[in-house]
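One-letter residues, chain by chain:
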Amino acid sequence: MRFLSETESAALITEEMAFAAARDALIAATDAQTFPVVLGHGSEPGNRFTVKSAASDRLAGVKVGSFWPGNEAKGMPRHNSIILLFDQETGRIAATIEAGTVNAFRTAAADAVAADVLARRDATTLTIFGTGNQAFYECVAVSKVRALETVHVVARSADRGERFVELLSQKGLKGQLSTAHDACRQAEIIVTATTARAPLFESDWVRPGTHVASMGSDARGKQELPPELLANARLFCDLPSQSAEIGEMQHVADRTRLTALGDVLTGKAEGRLADDDITVFDSSGIALQDLYVAEALLNAQ
């Protein structure tokens, strides 16, 4: 069995590797088998974990992601992940990869792939809701596919917001703290990376032509976007069946309106039709992303 530690996988992963793996995984998702997500918790119910699994024509495996909020006080990451790849001839585990940092790259990469095909080509202004670890990776990933001039940061805490802006500056990104209203009114791309259970902004704050990505909704009851926005936008997601169960699209009544991004990538479905379209991408996070990025890491070792 091959093993990659957290230190090894974090040293190998790049935005480019994650982007290519995410794109391949989203395409594969249109034909592969993705199995129901298991949502669980530790002995303390506030400590949560998720089990996601899938099988494609060449890969099969499982990703276990955990969220232990108390780790922050211990100086440890709140999120962690581990990926298991099966040897499909024997059923034994062929590879185990600790993937806490990798998971942040992988999640952001899916939103970057979506922005690359759905956002206007001339988009230069990003609004990010959230100032956590994942929000940072989202900004960096989007900056790889669009020439961002400004990142408007919507933060619950001014102190956290200022630290986040400083982090962005270290990546050459110009960030500024903004209210939710002002940030939406100026945005050409909006990304929400929160744990919200109610809409973060009003639908009429979003300008025509904006691309919106929700990555925080990954369980029943979570919600980041206003229903009115979903009712009037063109809707895309990583996997319609999963997005409608645990993603942002659980708040959409007519699920026939959901288009898998993989179908857009292969030309089977249309993406943005006009400059004034509002496009929404829901990234509920699929296991195939983990399997494909695991394969890429092993090949790079």
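### Observations regarding the overall build of the protein
So, step 1. Scanning the protein from terminus to terminus reveals 10 helices and 15 strands.
So, step 2. Over its C-alpha atoms the protein spans a radius of gyration of 18 Å, differing by no more than 12% from the 19 Å that the globule rule assigns to 301 residues.
So, step 3. If one aligns the C-alpha atoms of the protein with their principal axes, the spans along those axes are about 55 × 45 × 35 Å.
So, step 4. Taking all 301 residues of the protein together, 53% fall into the buried category.
So, step 5. Sequence separation of 24 or more characterises 67% of the internal contacts of the protein that already satisfy a separation of 6 or more.
So, step 6. Accessible surface, the protein: about 13400 Å² in total, of which carbon and sulfur atoms supply 49%.

### Examining the pairing of strand E13 (residues 234-237)
So, step 1. Sheet analysis places E13 next to strand E15 (residues 279-282), joined by four bridges and oriented parallel. Of the residues in E15, the one forming a bridge with Leu235 is Val280.
So, step 2. As paired strands, E13 and strand E14 (residues 258-260) are joined by three bridges and run parallel to one another. What sits directly across from Cys237, in E14, is Ala260.

### Quick look at the side chain of Gln134
So, step 1. Note on placement: Gln134 falls in helix H4 (residues 133-143).
So, step 2. Each residue touching Gln134, except ones within four places of it in the same chain, is listed here: Asn103, Ala104, Thr107, Ala108 and Met215.

### As for the nonpolar core
So, step 1. Formed by 67 residues in total, the largest nonpolar core has its most connected members in Ile128, Leu261 and Leu288.
So, step 2. For this core, the element with the highest residue contribution is helix H3 (residues 100-118), accounting for 10 residues.
So, step 3. Contact partners of Leu288, with chain neighbours within four places excluded, come to Ala25, Ala28, Ala29, Ala32, Thr34, Ala54 and Ser56.
So, step 4. Ranked by size, the runner-up nonpolar core spans 22 residues in total, among them Ala187, Cys237, Ala244 and Met249.

### Regarding the pattern of salt bridges
Think of it this way: side chains of opposite charge can pair up when their charged atoms draw near.
So, step 1. Across all of its chains, the model carries 11 salt bridges by this definition.
So, step 2. The salt bridge involving Arg146 is made with Asp116; its shortest N-O contact spans 3.3 Å. Placement of the pair is Arg146 in the loop between H4 and strand E9 (150-154) and Asp116 in helix H3, with a sequence separation of 30 residues.
So, step 3. Given the relative accessible area of 23%, Asp116 is considered partly exposed.
So, step 4. The residue Arg234 makes a salt bridge to Asp277 at a minimum N-O spacing of 4.0 Å. Here Arg234, found in strand E13, pairs with Asp277, found in the loop between helix H9 (261-265) and E15; they are 43 residues apart in sequence, far enough to count as distant.
So, step 5. By relative accessible area, which is 25% here, Arg234 ends up partly exposed.
So, step 6. The class for Asp277 is buried, based on a relative accessible area of 17%.
So, step 7. One salt-bridge network, held together by shared partners, links Lys63, Arg106 and Asp290.

Cut-offs applied
- Residues numbered from 1 in each chain as written.
- Predicted model: local features only at pLDDT ≥ 70, side-chain atom pairs only at ≥ 80, totals over all residues.
- Heavy atoms only, no water.
- Helix = DSSP H or I, 4+ residues; strand = E, 2+ residues; numbered from the N terminus.
- Rg over C-alpha atoms; globule rule 2.2 N^0.38 Å.
- Buried < 20%, exposed > 50% of the residue type's maximum accessible area, 1.4 Å probe, protein only.
- Contact = heavy atoms within 4.5 Å.
- Areas by Shrake-Rupley, 256 points an atom, 1.4 Å probe, with all protein chains shown as cover.
- Pairing = 2+ DSSP bridges.
- Core = buried A, V, L, I, M, F, W, Y, C linked by side-chain atoms within 4.5 Å.
- Salt bridge = Lys/Arg side-chain N within 4 Å of Asp/Glu carboxyl O.

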